[in-house]
Amino acid sequence: MLSLERVLGHSASRPNAVAFRHSDGVLAVPAGGVVVLYQPSMHRQVKYLPCRRGRSVACLSFSSDGRFLVGGERGRRPAVVVWDVRSGERVAELVGGHSRTIVSVRFMTPVGCSDQGHLRNGWIASLDASNKVATFSDPPRRQFEYEHGSLALWLWSSKKLLTKQTCPHECCDMDVAQDSSFVVTAGGKEVRFWNV
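About the criteria used
Residues numbered from 1 in each chain as written. Predicted model: local features only at pLDDT ≥ 70, side-chain atom pairs only at ≥ 80, totals over all residues. Heavy atoms only, no water. Core = buried A, V, L, I, M, F, W, Y, C linked by side-chain atoms within 4.5 Å. Buried < 20%, exposed > 50% of the residue type's maximum accessible area, 1.4 Å probe, protein only. Helix = DSSP H or I, 4+ residues; strand = E, 2+ residues; numbered from the N terminus. Contact = heavy atoms within 4.5 Å. Pairing = 2+ DSSP bridges. pLDDT = per-residue confidence, 0-100. Axes fitted to C-alpha atoms, helices over the stretch in contact; angles between N-to-C directions. Polar contact = N/O pair within 3.5 Å; in protein donor to acceptor, adjacent residues only side chain to side chain. Phe/Tyr/Trp six-rings, centres within 6.5 Å; stacked < 30°, edge-to-face > 60°.

K.L.:
Would you mind going over the nonpolar core with me for this structure?
P.N.:
Among soluble globular proteins, nonpolar side chains are generally buried collectively. In this structure, Ala 28, Val 35, Leu 37, Leu 60, Phe 62, Leu 69 and Trp 83 are the most contacted members of the largest nonpolar core, which totals 15 residues. The greatest single-element share of this core, amounting to 3 residues, is contributed by strand S5 (residues 57-62). If we ignore the near neighbours within four places in the chain, the residues touching Leu 60 are Asn 16, Ala 17, Ala 19, Ala 28, Val 29, Pro 30, Val 35, Leu 69, Val 70, Gly 71, Trp 83 and Val 105.

K.L.:
Sorry, what's going on with the pairing of strand S13 (residues 150-155) here?
P.N.:
Put simply, side chains in a regular strand alternate between the two faces of the sheet. Among the 6 residues in S13, 5 count as buried, and that is most of the element. Inspection of the sheet shows strand S10 (residues 123-128) paired to S13 by 6 bridges, in the antiparallel sense. Paired with Leu 127 across the two strands is Leu 151, which belongs to S13. The pairing of S13 with strand S14 (residues 160-166) spans 6 bridges and is classified as antiparallel. Bridge pairing in S14 places Ser 150 opposite Thr 166. Taking the residues that link successive antiparallel strands as the turn, the S13-S14 hairpin has 4 residues, and the phi of Lys 159 there is positive, at about 60°.

K.L.:
Can you help me understand the confidence of the model for the protein chain in this one?
P.N.:
Caution applies to low-pLDDT regions: their predicted coordinates should not be interpreted in detail. The pLDDT averaged across the protein chain works out to 82; a share of 80% of its residues lies at or above 70. Taken element by element, the predicted model of the protein chain shows its lowest mean pLDDT in helix H1 (residues 115-121) (51) and its highest in strand S7 (residues 80-84) (95).

K.L.:
Whenever I open this one, the sheet that holds strand S16 (residues 182-187) confuses me. Can you help?
P.N.:
If you trace the 3 strands from one edge of the open sheet to the other, you get S15-S16-S17, paired in antiparallel fashion. Edge positions in the sheet fall to strand S15 (173-176) and strand S17 (190-195), since each has one partner strand and no second. Neighbour-to-neighbour, the strand axes of the sheet open up by a mean angle of 20°, direction not taken into account. Here 4 bridges tie S15 to S16, and the two strands are oriented antiparallel to one another. Considered in S16, the bridge of Asp 173 is made with Ala 186.

K.L.:
So what exactly am I meant to see when it comes to the side chain of Ser 126 here?
P.N.:
For Ser 126, the location among the structural elements is in strand S10. The class for Ser 126 is buried, based on a relative accessible area of 0%. Side-chain polar atoms of Ser 126 contact the side chain of His 98, separated by 2.6 Å. Of the polar contacts made by the side chain of Ser 126, one reaches the side chain of Trp 154; its length is 2.9 Å. Those residues in contact with Ser 126 that sit more than four places away from it in its chain are Val 80, His 98, Ile 102, Ser 104, Val 105, Ser 150, Leu 151, Ala 152, Trp 154 and Met 174.

K.L.:
Before we go on, may I ask you to explain the sheet that holds S10 in this structure?
P.N.:
Consider a sheet: its strands pair through backbone hydrogen bonds, and that pairing is either parallel or antiparallel. Spatially, 4 strands are ordered S9-S10-S13-S14 in an open sheet, and the strand pairing comes out antiparallel. Edge positions in the open sheet fall to strand S9 (102-108) and S14, since each of these has one partner strand only. Taking each pair of neighbouring strands and ignoring which way they run, the sheet shows an average axis angle of 15°.

K.L.:
Before we go on, may I ask you to explain the packing of aromatic side chains in this structure?
P.N.:
Each aromatic ring pair is characterised by the separation of its centres together with the angle its planes make. Per the counting criterion, the structure on display carries 3 aromatic pairs. Seen from their ring centres, Phe 107 and Trp 156 are 6.1 Å apart, and the 75° between their planes marks the pair as edge-to-face. Here Phe 107 is found in strand S9, whereas its partner Trp 156 is found in the loop between S13 and S14, with 49 residues between them in sequence. A relative accessible area of 10% places Phe 107 in the buried class. With relative accessibility at 6%, the residue Trp 156 sits in the buried group. Three or more aromatic residues joined by ring pairs make a cluster, and in this case those are Phe 68, Phe 107 and Trp 156.

What follows is the structure, encoded as structure tokens:
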């Protein structure tokens with residue numbers, strides 16, 4: 001049986017493709033079909049988390065306690081994937097919420113729950129990007145229109161899509177309030193607040 005010894009390079013193309021775990025300084029970085037956990041203080045790669053077959057991730061985020069890592073896949077019909085960092089196993093694959101590359105993912109703690117509730121009953125917010133599409137008119141003239149992105153909210157322990165909203169503006173990033181009471185999307189000269 002073959003095992004991965006070391007990865008050279010990375011496939012991070014956005015700032016939020018790299019995640020930082022505050023408790024010990026570990027970095028999670030996408031590299032093709034795996035996510036590399038790198039410990040800067042030891043100057044070594046400490047673990048490799050496998051992506052779904054033939055897929056790679058575009059964005060990553062650790063849970064508040066650092067036990068779980070969530071990633072948003074690239075391409076058509078992407079999944080939101082959750083790994084248990086200790087075991088290295090994929091514990092959830094959330095599919096059906098997005099039709100194109102997921103550009104941002106965040107763990108959320110439902111309002112009124114403790115961090116322990118977050119681990120068992122936590123939510124994940126995910127955002128796919130707006131897409132610039134070429135259209136042609138008569139007489140032949142090329143124009144561009146935007147397909148709107150979408151914001152999805154998941155109950156990841158049961159792999160259930162709770163809600164999906166179309167972003168009425170060009171979205172390129174998202175973040176979650178510390179108390180998880182709202183989500184902020186940004187892009188195209190607009191910032192929008194979404195109450196949860």
